[in-house]
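# Close look at the chain arrangement
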Amino acid sequence: MVSLQSLTRSQLEAVLHKDGPLLVIAGPGSGKTRVITNRIAALVDSGVKAGCICAITFTNKAAEQMRYRVESMAVCRGVHISTFHSLCVRILRQYGQLAGINGNFSIYDEADQRRCAKHAVERAKLDGKQFAAAKVLEYISKLKNDLVSPEDFAGSADDYFRKCIARIYSHYQAVLAENNALDFDDLLVKTAYLLRDHRMVMEELNNRFRYLLVDEYQDTNHAQYQIARGMSLLHGNICVTGDPDQSIYAWRGADIGNILEFELDWPNAKVVRLEENFRSTPNILGVADKLISFNTERKIKKLVPVIQKGCDVETGVFEDEQAESESVADGIANLLKNGTSPAEIAVFYRVNSMSRMLEEALVLRQIPYQIVRGIEFYNRKEIKDLLAYLRLIANPADNGAFLRIVNEPARGIGKISLERLEIFASKHKMSLYSAVEKIDKIENLGPAVRLKLRAFAAMIEKFKQMTKKPVAELMEHVFQQSGLVDGLEREDSQGHSKASAVENVEELISSARKYDELAKDTPQAGLVDYLQQIALYSDTDAYDPSSPKVSLMTLHAAKGLEFDNVFIVGLEEGLLPHQRSANDNRSLEEERRLFFVGITRARKSLAVSMCRYRTIHGISARTIPSRFLFEAGLKVRDSEKRQVENKINDFKYDDADSQICEYDDSQERLFVKNELVSHQKFGLGRVQEFHNLGENSIVVVRFISGKTKPLMLKYTNLTKVR
DNA sequence: GTGAATCATCTTTTT
DNA sequence: GATGATTCAC
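Described in the following lines is the structure provided in the data block. Given the structure is predicted, the values throughout are model-derived calculations rather than measurements. (Residues numbered from 1 in each chain as written. Chains lettered and ligands numbered in written order. Predicted model: local features only at pLDDT ≥ 70, side-chain atom pairs only at ≥ 80, totals over all residues. Heavy atoms only, no water.)

### Some details on the packing of helix α17 (residues 381-394) against helix α24 (residues 499-519)
Taken N-terminus to C-terminus, the directions of α17 and α24 make an angle of 50 degrees; their axes are 9 Å apart at the nearest point. Relative to α24, α17 is oriented oblique. Every pair of crossing elements has a handedness; the one defined by α17 and α24 is right-handed. Together, Glu382, Ile383, Leu386 and Leu387 of α17 and Ala501, Asn504, Val505 and Leu508 of α24 make up the contact between the two elements. (Axes fitted to C-alpha atoms, helices over the stretch in contact; angles between N-to-C directions. Helix = DSSP H or I, 4+ residues; strand = E, 2+ residues; numbered from the N terminus. Parallel < 35°, antiparallel > 145°, perpendicular 65-115°, else oblique. Left-handed = near helix turned anticlockwise from the far one by under 90°. Contact = heavy atoms within 4.5 Å.)

Laid out in structure tokens, this is it:
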């Protein structure tokens, strides 16, 4: 335990507040983590049993880190620390039967969900093109996050589209139930309902966890809010920590209102504000502060710097992403040369696809890096295939798993045969797997296919007998016996075997071995538990703070982390703020917070950059500097070194003042919403937004093609149509 | 009926 | 540039 003397007065207040609701509004770098761990220690110190404390974090990784910190204080061993989703899995396995949930449920990932959604659209007899799976799922997910059931929604849906969605939603839930599967959102939804509808569950959980702690509370959605509330209803010992300015998950249903209205919900709540910043230099904080002040929906909060002045935030403008990447890599190489540890350097970007160029530049300079969530490990084909075998073994009702592997490796069981199997299964309301057991009753199947399907089922039955063995052993066995390994080792037409795929599977098996080791003494250990855990594991969790590597990650993944030196790339309109968020003010403010989060990760140095041209979807296009650069007061100037003298570029970004007078100030340069305009390349369009930023004014135009584009007035030839 | 090959489509962020 | 749907050759 850190000596209490080293805490500030407000930190101390939060640490020592024992009973009753507590809201900690903690700005970036304000020592929140320290407060949480010390508060847990203080609770245990005052006689609370460690097992009665439950801390909920946002990511598995955060849980792991907190577990590490808390358990390093020996008395605190036994505190329950997990994410909402893991906690829900545990609750559902224990109490799920009350809501008709079989304990060995599968957890469906995006691909499985898409399949179910398609199925649901079919059953609702609607057009799969008009109701694309991704769109439908997005809608359903929103409903679930708000705890709106299919019945509720069917009752309130008043237009055609919503009525259709309501039908699909209800079919979708039926499909999931048939597969004995829950999707990510269901984990929360079912738990919230369990707490609401079964007083016994609520009481038991309240008695078990006398103290509840929720971190990153600004990013909780309504379902999570209800779960947290239900779990502390009887004792009221709920402590939430977070920062409204760092809410970046509204798109996933996070409700910033949860934190803003905590005091309404718990009128006797104590509120502590941590506004001092022990992390960043005043230079960095100044930029963050200026930027975030452009947001209207916020509680005014100052960032009070504590540490001394450092160097200024650098802004680079580059020709294209290659030049940008090289400059970043050079900058990193320089830092390393001066003795900085690679673990203290990070590069952030808005979208995952932007990592490629950076990687190339780093590889070239032999700089070690780790990429947080690159091509996701658990999304690889070979991994999903093997896991699908295990899923089917654990949960024979899992049609998704069945379809994935019944012909993987190829066994000569084709689409048409499977269609017939599916028709039979749905007619008799059974799973595909049990339909195979009744295969003699199915008409229209060739004798060869019958034989093949029977052999497949026999193989799965054999695997089933091994489920008591350690997961790693079973996995190894399945990998060998299923024929997957042969498929991967066999050389393809170009003479390459998929050695890396085999390596990936080996990695999976060794991680299963680790699981067997760690879980062997817990009562729930086994195949089902393993699969349920792994389903919640994302590659974000692969980030290892102790390894001496430069970190590359999205701005979202950067939440909760800090580094001495930070690079943020791609400060361009359409990218940051992202195109799809530029339409309404709320998501624009979220983009601003996203940049804010990125900025405030940096302790000593921060460099942001943009490109004049960026290649998106194979086409290189002229970009517009992000409005956030101007808002943050960042001077955009050419970085001299890497500039290619290009006469075609009839403009320069440097020293904005020098070019104010490049165009006259007439009314021609002021636009209003819905005004008709014409662009020499894109044609006719209507003004959607106009941001009057002087010479940096931005017009967002929806063109006749249906595309909406942000344009920087000074570089575009936009004329009014009268 | 099966499996490979081509074509078309969409591409933000994540538990 | 990956994923799924469709086509095409066996």
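Moving on, there is more to tell.
### Regarding the side chain of Asn180
With respect to the helices and strands, the residue Asn180 is situated in the loop between α8 (160-178) and β5 (181-183). Residue class for Asn180 comes out buried when judged on its relative accessible area of 12%. Once residues lying within four places of it in the same chain are set aside, the contact partners of Asn180 are Asn102, Asn104, Phe105, Ser106, Asn395 and Ala397. (Buried < 20%, exposed > 50% of the residue type's maximum accessible area, 1.4 Å probe, protein only.)

### Overview of helix α22 (residues 471-481)
By the burial criterion, the buried members of α22 are Val471, Ala472, Leu474, Met475, Val478 and Phe479. Projected down its long axis, α22 carries its buried residues within an arc of 160 degrees, all on one side. Elements that come into contact with the buried residues of α22 comprise α17, α21 (447-464), α23 (484-489), α24 and α25 (527-535). Looking one or two places after α22, you find Gly483, whose phi comes out positive at around 95 degrees. (Arc of directions from axis to C-beta.)

### Focus: the pattern of salt bridges
If you walk through the whole model with that rule in mind, you get 39 salt bridges. The partner of Asp112 in a salt bridge is Arg391, and the shortest N-O contact between them spans 3.2 Å. On the criterion of sequence distance, the pair formed by Asp112 in helix α5 (residues 110-123) and Arg391 in helix α17 is long-range, its members being 279 residues apart. Residue class for Asp112 comes out buried when judged on its relative accessible area of 9%. You can call Arg391 buried: its relative accessible area is 14%. Here Glu591 ties to Arg350 by a salt bridge, and the two come within 2.6 Å at their closest N and O atoms. Of the two residues, Glu591 is situated in helix α26 (residues 585-599) and Arg350 in the loop between β12 (345-349) and α16 (355-364); the sequence distance between them amounts to 241 residues. Residue Glu591 shares its accessibility class with Arg350, and that shared class is buried. One network of salt bridges, in which partners are shared, links Arg279, Glu344, Glu562, Asp564, Arg603 and Lys604. (Salt bridge = Lys/Arg side-chain N within 4 Å of Asp/Glu carboxyl O.)

### Topic: the sheet that holds strand β2 (residues 53-57)
Strands sit in the order β3-β2-β6-β7-β1-β8 across an open sheet of six strands; the sheet is parallel. The sheet terminates laterally at β3 (80-83) and β8 (270-274), the two strands that pair on one side only. The sheet shows a mean angle of 15 degrees between the axes of neighbouring strands, direction not considered. Sheet topology note: the β2/strand β6 (residues 211-214) ladder contains four bridges and is parallel. Paired with Ile53 across the two strands is Tyr211, which belongs to β6. (Pairing = 2+ DSSP bridges.)

### Regarding a negative patch on the surface
A grouping of Asp486, Glu489, Glu503, Glu506 and Glu507 is seen on the molecular surface, where their side chains present a negatively charged patch. Ranked by residue count, the leading element in the negative patch is α24, at three residues. (Patch = residues over 30% accessible without salt bridge, like charges linked within 9 Å, V, L, I, M, F, W, Y side chains within 5 Å. Areas by Shrake-Rupley, 256 points an atom, 1.4 Å probe, with all protein chains shown as cover. Lys, Arg positive; Asp, Glu negative; His and termini not counted. Charge placed at Lys NZ, Arg CZ, Asp CG, Glu CD.)

### Describing the side chain of Ser482
Tracing the sequence through the fold places Ser482 in the loop between α22 and α23. On the accessibility criterion, Ser482 (5% relative accessible area) is buried. Polar contacts involving the side chain of Ser482 include one to the main-chain carbonyl oxygen of Val478, which spans 2.7 Å. Sequence-distant contacts of Ser482, defined by excluding residues within four places in its chain, comprise Tyr389, Pro409, Arg411, Met459 and Phe463. (Polar contact = N/O pair within 3.5 Å; in protein donor to acceptor, adjacent residues only side chain to side chain.)

### Overview of the packing of aromatic side chains
Tallying each qualifying case throughout the model produces ten aromatic pairs. Residues Tyr139 and Phe161 carry aromatic rings whose centres are separated by 5.8 Å and whose planes lie at 65 degrees to one another, so their mutual orientation is edge-to-face. You can see Tyr139 sitting in helix α6 (residues 133-145) and its partner Phe161 sitting in helix α8, a full 22 residues away along the chain. Look at Tyr139 and you get partly exposed, because its relative accessible area is 25%. The rings of Phe131, Tyr139, Phe153 and Phe161 are connected pair by pair, giving a single aromatic cluster. When the ring centre of Phe58 is taken as reference, the NZ or CZ atom of Lys559 above it lies at 3.7 Å. (Phe/Tyr/Trp six-rings, centres within 6.5 Å; stacked < 30°, edge-to-face > 60°. Lys NZ or Arg CZ within 6 Å of the ring centre and 35° of its normal.)

### Points about a nonpolar patch on the surface
Where nonpolar side chains cluster on the molecular surface, the patch consists of Phe278, Val306 and Ile307 and spans about 220 Å² of accessible area. Positionally, Phe278 belongs in the loop between β9 (276-277) and α14 (282-292). A relative accessible area of 34% means that Phe278 is categorised as partly exposed.

### Examining the state of the cysteines
Evaluation of the coordinates by the stated rule reveals zero disulfides. Summary of cysteine pairing: Cys54 is not part of a disulfide, and the nearest cysteine sulfur, belonging to Cys88, is at 10 Å. In this model Cys164 remains outside any disulfide bridge; the closest cysteine sulfur is found in Cys116, 20 Å from its own. What makes Cys164 buried here is its relative accessible area of 1%. (Disulfide = S-S within 2.5 Å.)

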